[in-house]
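Here is how the chains run, residue by residue.
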Amino acid sequence: MADEPGLIPGIYIYCDRWCERCAFTSRCLQFRIEAEDLERGNALQNFDAMNLKFWQEMGKALVQAMRLIREIAAKEGIAPYDLQKETVFSEPPESLQRDAREHPCANAALFYAGMVNEWFAAVDELSEAEESLLTHPPHTLEEPIEVIRHYQYFIYPKIVRAIEGGLSKKESVGIESDDDVCGTAKVALIAIDRTLAAWSVLYGEYLAQEDSTLSILLHLDRLRRSVEVAFPAGRSFVRPGFDG
Ligand code: SF4
């Protein structure tokens, strides 16, 4: 099966493991093995095209999210310079660098996962619906909430893995050259981008939660920039199939 034409070698190494939303299932060996159904080639291509459209729409939402964050910053009186200063979580003390889980980026990612739970719990508390918004969203918000749920606990382990990779090479984080470190950091960055886009869709939908939605957006934006600083080669890493 690995010799089949059209398959992209190694595409599954730096993906987000969200096969249901992947635009490359028909070209992924991992998926084909798991699907164990070689007859579904055409169906998979249609499925991929649909998912490609989904992520193109989400890409537009990210552009809007960035605009929204700039507008919010202006409204809240956060000058661009101050925002820039806030982007980098402080460098960890030397002793903490032995443990990637205590790196500020990792802490911020874990903190974000908790913010999500708090946000949804607060919405549920005010809602008269019997089901939780997180598991039973209204039709119009199904997709952004699906994105938020998928990446809620995905970002933290990816960041920890990238930091561990950097530390294991006895390089200070920020000077990484290892492909696995860069590829893992890139996947984390993409997950943050998509999550930001999804939250920007929710912003304004729940007025009582506007402040906490704003906090999440700003927190994620800072985390995104911090990861970019910690892994400067992460963004430009070319993942097989997805980026080149
Ligand atoms: S590349 Fe796509 S289909 Fe393959 S394992 Fe990753 S998410 Fe799933």
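Residues numbered from 1 in each chain as written. Predicted model: local features only at pLDDT ≥ 70, side-chain atom pairs only at ≥ 80, totals over all residues. Heavy atoms only, no water.

Student: I'd like a rundown of the packing of helix H4 (residues 104-126) against helix H7 (residues 179-202), residues and numbers included.
Tutor: Where H4 contacts H7, the axes come no closer than 14 Å and their chain directions differ by 20°. The pairing of H4 with H7 is recorded here as roughly parallel in orientation. For the element pair H4 and H7, the recorded crossing hand is left-handed. Residues Tyr112, Val116, Trp119 and Phe120 of H4 pack against Thr195, Trp199 and Leu202 of H7. (Axes fitted to C-alpha atoms, helices over the stretch in contact; angles between N-to-C directions. Helix = DSSP H or I, 4+ residues; strand = E, 2+ residues; numbered from the N terminus. Parallel < 35°, antiparallel > 145°, perpendicular 65-115°, else oblique. Left-handed = near helix turned anticlockwise from the far one by under 90°. Contact = heavy atoms within 4.5 Å.)

Student: How would you summarise the environment of Asp124 if you had to cite specific residues and measurements?
Tutor: Among the secondary structure elements, Asp124 is positioned in helix H4. For Asp124, a relative accessible area of 23% gives the class partly exposed. Between the alpha carbons of Asp124 and Leu134 there is a distance of 8.7 Å; along the sequence they are 10 residues apart. Setting aside residues no more than four positions away along its own chain, Asp124 makes contact with Glu131, Ser132 and Leu133. Among the polar contacts made by the side chain of Asp124, one reaches the side chain of Ser132 at a distance of 2.8 Å. A distance of 2.9 Å separates a polar side-chain atom of Asp124 from the backbone nitrogen of Leu133. (Buried < 20%, exposed > 50% of the residue type's maximum accessible area, 1.4 Å probe, protein only. Polar contact = N/O pair within 3.5 Å; in protein donor to acceptor, adjacent residues only side chain to side chain.)

Student: How would you explain the packing of aromatic side chains if you had to name every residue and give the values?
Tutor: Enumeration according to the criterion identifies 10 aromatic pairs in this entry. Measuring from centroid to centroid gives 4.9 Å for Trp119 and Trp199, while their planes differ by 80°, and the two rings are edge-to-face. Note that Trp119 is positioned in helix H4 and Trp199 in helix H7, a separation of 80 residues in sequence. An identical accessibility class is assigned to Trp119 and Trp199; each is buried. Grouping aromatic residues by their ring pairs yields a cluster made of Trp18, Phe54, Trp55, Tyr151 and Phe154. Of note, Arg21 hangs over the ring of Phe54, and the distance from its end group to the ring centre comes to 3.7 Å. A cation over an aromatic ring shows up here: Arg194 above the ring of Trp55, its NZ or CZ 3.5 Å from the ring centre. (Phe/Tyr/Trp six-rings, centres within 6.5 Å; stacked < 30°, edge-to-face > 60°. Lys NZ or Arg CZ within 6 Å of the ring centre and 35° of its normal.)

Student: How would you sum up the pattern of salt bridges? Please name residues and give values.
Tutor: Tallying each qualifying case throughout the model produces 13 salt bridges. Here Glu146 makes a salt bridge to Arg21, at a shortest N to O gap of 2.9 Å. Linking Glu146 in helix H5 (residues 142-152) with Arg21 in the segment before helix H1 (29-35), this pair joins segments that are 125 residues apart in sequence. The exposure class assigned to Arg21 is buried, which follows from its relative accessible area of 15%. Note that Arg224 and Asp221 form a salt bridge whose closest N and O atoms lie 2.7 Å from each other. Of the two residues, Arg224 and Asp221 are both situated in helix H8 (residues 210-230); the distance of three residues between them amounts to about one turn of the helix. Accessibility classification places Arg224 together with Asp221 in one group, the buried group. Taken together, the salt bridges that share partners define one network made up of Asp193, Asp221, Arg224, Arg225, Glu228 and Arg235. (Salt bridge = Lys/Arg side-chain N within 4 Å of Asp/Glu carboxyl O.)

Student: Describe the site of the ligand, and please don't skip the residues or the numbers.
Tutor: For the ligand, the full set of nearby residues is Tyr12, Cys15, Arg17, Trp18, Cys19, Cys22, Thr25, Cys28, Phe31 and Phe242. Partitioning the shell around the ligand into residue classes produces eight nonpolar, one polar and one charged. (Near = heavy atom within 4 Å. Nonpolar A, V, L, I, M, F, W, Y, C, P; charged D, E, K, R; others polar.)

Student: Could you give me a rundown of the environment of Phe242, with the residues and numbers involved?
Tutor: One can find Phe242 in the segment after H8. C-alpha of Phe242 to C-alpha of Tyr14: the two residues are 228 residues apart in sequence and 9.0 Å apart in space. With near-sequence residues (within four places) excluded, Phe242 lies in contact with Ile11, Cys15, Cys22 and Phe24.

Student: Quick rundown of helix H6 (residues 155-168)? Include the residues and the values.
Tutor: A turn of α-helix holds 3.6 residues, and therefore any two residues three or four places apart point the same way. Counted at 1.5 Å a residue, the expected span for H6 with its 14 residues is 20 Å, and the 20 Å between its end C-alpha atoms agrees. Residues of H6 that are buried: Ile155, Tyr156, Lys158, Ile159, Val160, Ala162, Ile163, Gly165 and Gly166. (Expected span 1.5 Å × (residues − 1).)

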